[in-house]
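Coordinate analysis (summary)
Below, each chain spelled out in residue letters.
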Amino acid sequence: MAGTSHLLVLPDSGFDTALRRCYSSCVTVLLTNDDGILSPGLKALEEAFAQDHEVWVVAPDGERSGFSNSITLSEPIRCTRVGERSYAISGTPADCVILATLGAIPVMPDLVVSGINIGANLGSDIVYSGTCAGARQAAYKKIPGIAVSLNSFHAPFHFEPVCSFLTGHVQELMDLWDEGHFININVPNLTSYRGVEITTPAMRLYQDRLLPFEPPRGGTYYFVDGRPEPAELEPGTDWYAVEQGHLSVSPIMLNPVNHEVERHYRTSGLVRGS
């Protein structure tokens with residue numbers, strides 16, 4: 001009838017419920033890593049977050065372990081689309097975050113998750129880690145950044161428990177984060193954990209050695225190999241927690257300031273003699 005409006009109320013459906021849930025809690029997640037676009041850890045994260053969130057992937061086209069927070073300045077960075085929302089680039093993990101946040105993808109992420117790394121990034125490892133660099137670079141861009149690493153180099157890899165932890169606590173982790181740090185998560189390669197511990201980085205040094213190789217046409221090549229030095233693990237540190245079967249969460253500060261050491265220098269002859 002002209003001039004009459006009708007309100008049609010349809011019964012609720014699973015789709016409607018999912019849609020409302022998505023609008024209320026869905027975040028845009030950028031995934032990266034240093035193991036490369038084909039890493040099973042990256043795939044596990046993508047599958048886990050895609051269930052409830054909008055996921056984009058920008059990852060190196062090959063392994064970039066140990067590249068730390070290096071960025072590419074002397075040459076162009078190739079970016080190749082390998083999926084609907086997935087890109088492989090010729091640069092570093094830090095490059096991945098820089099490109100994504102400067103327009104290589106059409107959205108600005110609410111959260112950056114870097115990993116899941118094959119092998120732990122405990123204690124001093126964070127200085128060298130490309131996985132940690134992805135999360136650190138996110139924090140530099142004022143975006144919550146989480147680095148995730150599994151303490152094993154040997155399959156089978158048990159990614160499910162840490163994926164469940166991340167997706168189940170995504171909003172809480174984002175709320176805990178601030179612009180002064182990124183979050184470094186390490187887990188044992190177990191099907192379940194004894195618990196969650198908030199930790200500080202251990203002192204983790206290595207016994208390094210050079211492995212020379214001399215090819216038939218001359219010259220010498222070197223491989224660098226190393227194993228962690230034996231150390232007494234200190235309770236409260238990330239290394240101790242993981243060895244005890246716990247999931248470790250370490251807030252890592254971006255500005256490494258130590259006022260106690262600074263005061264020591266201020267009272268030295270360096271200042272008095274100036």
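Look above for the structure.
Let me sum up the structure you'll find in this document. Remember, it's a predicted structure, so these values are computed and weren't measured experimentally.

**Here's the deal with the layout of surface pockets**
As a volume, the largest pocket reaches approximately 810 Å³. Residue lining of the largest pocket: 29 residues in total, with A120, N121, D125, F153 and Y206 positioned closest to the centre. Looking at the lining of the largest pocket, the element that brings in the most residues is strand β10 (residues 221–228), giving five residues. Taken together, the residues of the lining of the largest pocket break down into nine nonpolar, 11 polar and nine charged.

**Examining the state of the cysteines**
Using the criterion set out here, one finds zero disulfides in the structure. Here C132 is not cross-linked by a disulfide; its sulfur's nearest cysteine counterpart is in C96, at 15 Å.

**So, a nonpolar patch on the surface**
Taken together, the side chains of L211, F213, Y221 and F223 define a hydrophobic patch exposed on the protein surface, amounting to about 440 Å² of accessible area. Of all the secondary structure elements, the ones that give two or more residues to the nonpolar patch are β9 (206–213) and β10. What makes F213 partly exposed here is its relative accessible area of 45%.

**Regarding the sheet that holds strand β1 (residues 28–32)**
Strand order across the open sheet formed by nine strands is β3-β4-β2-β1-β5-β6-β7-β11-β8, with mixed pairing between neighbours. Looking at which strands have only one partner, the edges of the open sheet turn out to be β3 (79–83) and β8 (196–198). Going across the sheet, the axis of each strand differs from the next one's by a mean of 25°, ignoring polarity. Of the pairings in the sheet, the one linking β1 to strand β2 (residues 54–60) comprises four bridges and is parallel in character. Of the residues in β2, the one forming a bridge with T28 is E54.

**Here we look at the pattern of salt bridges**
Going through the model one piece at a time under the given rule, you end up with seven salt bridges. With its nearest N and O atoms 2.8 Å apart, the salt bridge here joins D125 to R204. With D125 in helix α4 (residues 125–128) and R204 in the loop between β8 and β9, this pair connects stretches of sequence that are 79 residues apart. For the pair shown, D125 and R204 are each scored as buried. In this structure, the salt-bridge partner of K142 is E179, at a minimum N-O distance of 3.4 Å.

**A short note on the packing of helix α3 (residues 93–104) against helix α5 (residues 130–140)**
In the contact formed by α3 and α5, the axes pass within 7 Å of each other and the chain directions differ by 30°. As summarised for this structure, α3 and α5 are arranged roughly parallel, according to the angle between their axes. In terms of crossing hand, the pair formed by α3 and α5 is right-handed. Two secondary-structure elements touch here, α3 through P93, A94, V97 and I98 and α5 through G130, G134, Q137 and A138. The residue inventory of the contact of α3 with α5, partitioned by class, reads five nonpolar, three polar and no charged.

**Some details on the packing of helix α2 (residues 40–49) against helix α6 (residues 160–168)**
Put simply, α2 and α6 touch, their axes get as near as 10 Å, and they point 40° apart. Relative to α6, the element α2 is oriented oblique. With respect to the hand of their crossing, α2 and α6 are arranged in right-handed fashion. Listed contacts from α6 to A44, L45, A48 and F49 of α2 are C163, L166 and T167.

What counts as what
Residues numbered from 1 in each chain as written. Predicted model: local features only at pLDDT ≥ 70, side-chain atom pairs only at ≥ 80, totals over all residues. Heavy atoms only, no water. 1 Å grid on protein atoms, 1.4 Å probe; cavity = no way out; pocket = protein on both sides within 12 Å on 5 of 7 lines; lining within 4 Å. Points joined across faces, edges and corners; volume = space filled by probe spheres on them. Helix = DSSP H or I, 4+ residues; strand = E, 2+ residues; numbered from the N terminus. Nonpolar A, V, L, I, M, F, W, Y, C, P; charged D, E, K, R; others polar. Disulfide = S-S within 2.5 Å. Patch = residues over 30% accessible without salt bridge, like charges linked within 9 Å, V, L, I, M, F, W, Y side chains within 5 Å. Areas by Shrake-Rupley, 256 points an atom, 1.4 Å probe, with all protein chains shown as cover. Salt bridge = Lys/Arg side-chain N within 4 Å of Asp/Glu carboxyl O. Buried < 20%, exposed > 50% of the residue type's maximum accessible area, 1.4 Å probe, protein only. Pairing = 2+ DSSP bridges. Axes fitted to C-alpha atoms, helices over the stretch in contact; angles between N-to-C directions. Parallel < 35°, antiparallel > 145°, perpendicular 65-115°, else oblique. Left-handed = near helix turned anticlockwise from the far one by under 90°. Contact = heavy atoms within 4.5 Å.

Keep in mind these values describe shape, not function.
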